Amino acid sequence: RKEVEQDPGPFNVPEGATVAFNCTYSNSASQSFFWYRQDCRKEPKLLMSVYSSGNEDGRFTAQLNRASQYISLLIRDSKLSDSATYLCVVNQDSNYQLIWGAGTKLIIKP
Amino acid sequence: DAGVIQSPRHEVTEMGQEVTLRCKPISGHDYLFWYRQTMMRGLELLIYFNNNVPIDDSGMPEDRFSAKMPNASFSTLKIQPSEPRDSAVYFCASSFARRFGEQYFGPGTRLTVT
């Protein structure tokens, strides 16, 4: 089993819809979690950090489920500009090691 | 506020040549990371530094790769000799120690080895 797993997609979603995707992790000792977005041929950019149970920033909500060892990202009222690859990152703080998921590709269609 | 700066943005070289990639992290950041990204392997951590000291270089593929950080504002990643399989996008990123997972990436160097 991979340490961090994501559905590669693509998720094809109409503009204005709500979309959610999950990221599962294998190490129960993981302490902090991050979502990055990466546009085509660009660098990854930090979208959200999760240090406790969840985080919300405008249309974006991240929820952590420690019992089931997954973190989700919910995007409401999706925009064309939300089209990107979303990378899940898990930090095992005890040894300063980041584990990167392979990413979920999201395509928002007009 | 300047972000992470990388140079060159594009590099095309022939197999066997030496390649040097450069990075200037965000001022005040304690950590600097070098990553490589390909379609096949995704994003891979090569090496990272804390206060200019290499901490973990287990991701460096082989002895042809070396990285240095002579001061807090400059780092290099060198490949000598380069091979076609080294073709990838190389990213540099930096972060504060207390926010290790919140990394700021440079625009990357797209390397093509022919």
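Scroll up to find the structure this text is about.
This one's a predicted model, so the numbers in the text were calculated from it and none came from an experiment. (Residues numbered from 1 in each chain as written. Chains lettered and ligands numbered in written order. Predicted model: local features only at pLDDT ≥ 70, side-chain atom pairs only at ≥ 80, totals over all residues. Heavy atoms only, no water.)

Q: How should the pattern of salt bridges be read in this particular structure?
A: Should the charged atoms of two oppositely charged side chains come close, the side chains can pair. Applying the stated rule across the entire model yields 13 salt bridges over all chains. Close ionic contact of Glu56 of chain A with Arg76 of chain A constitutes a salt bridge, the shortest N to O distance being 3.4 Å. With Glu56 of chain A in strand S6 (residues 54-57) and Arg76 of chain A in the loop between strand S8 (70-75) and strand S9 (84-92), this pair connects stretches of sequence that are 20 residues apart. Classification of Arg76 of chain A as partly exposed rests on a relative accessible area of 27%. In this structure, Arg41 of chain B and Glu44 of chain B form a salt bridge, with 2.8 Å as the shortest nitrogen-oxygen distance. Residue Arg41 of chain B is classed as exposed on the basis of its relative accessible area of 58%. (Salt bridge = Lys/Arg side-chain N within 4 Å of Asp/Glu carboxyl O. Helix = DSSP H or I, 4+ residues; strand = E, 2+ residues; numbered from the N terminus. Buried < 20%, exposed > 50% of the residue type's maximum accessible area, 1.4 Å probe, protein only.)

Q: Would you mind going over the nonpolar core with me for this structure?
A: In globular proteins that are soluble, nonpolar side chains generally tend to be buried together. Phe21, Trp35, Ile71, Ile75, Tyr86 and Leu106 of chain A are the most contacted members of the largest nonpolar core, which totals 23 residues. Those residues in contact with Phe21 of chain A, other than ones at most four positions away along the chain, are Phe11, Trp35, Ile71, Ser72, Leu73, Ile75, Tyr86, Thr104 and Leu106 of chain A. (Core = buried A, V, L, I, M, F, W, Y, C linked by side-chain atoms within 4.5 Å. Contact = heavy atoms within 4.5 Å.)

Q: I would appreciate a short explanation of the packing of aromatic side chains in the present structure.
A: How two aromatic rings sit relative to each other is given by the distance of their centres and the angle of their planes. In this structure the tally under the stated criterion is 18 aromatic pairs over all chains. Ring plane angle 50 degrees and centroid distance 4.9 Å describe the contact between Tyr36 of chain A and Trp100 of chain A, whose orientation is recorded as tilted. Here Tyr36 of chain A is found in strand S4 (residues 32-38), whereas its partner Trp100 of chain A is found in strand S10 (residues 97-100), with 64 residues between them in sequence. Between the aromatic rings of Tyr31 of chain B and Phe100 of chain B, the centroid separation amounts to 4.9 Å while the plane-to-plane angle is 90 degrees, which identifies the pairing as edge-to-face. Of this pair, Tyr31 of chain B sits in strand S4 (residues 31-38) while Phe100 of chain B sits in the loop between strand S9 (88-95) and strand S10 (104-105), and the two are 69 residues apart along the sequence. Judged by relative accessible area, Tyr31 of chain B falls into the buried class, the value being 8%. Residue classification places Phe100 of chain B among the buried positions, given a relative accessible area of 5%. Three or more aromatic residues link up through ring pairs in this structure, and these residues are Tyr36 and Trp100 of chain A together with Tyr31, Phe33, Tyr35, Tyr48, Phe91, Phe100 and Phe105 of chain B. (Phe/Tyr/Trp six-rings, centres within 6.5 Å; stacked < 30°, edge-to-face > 60°.)

Don't take any of this as a statement about function, it's just geometry.
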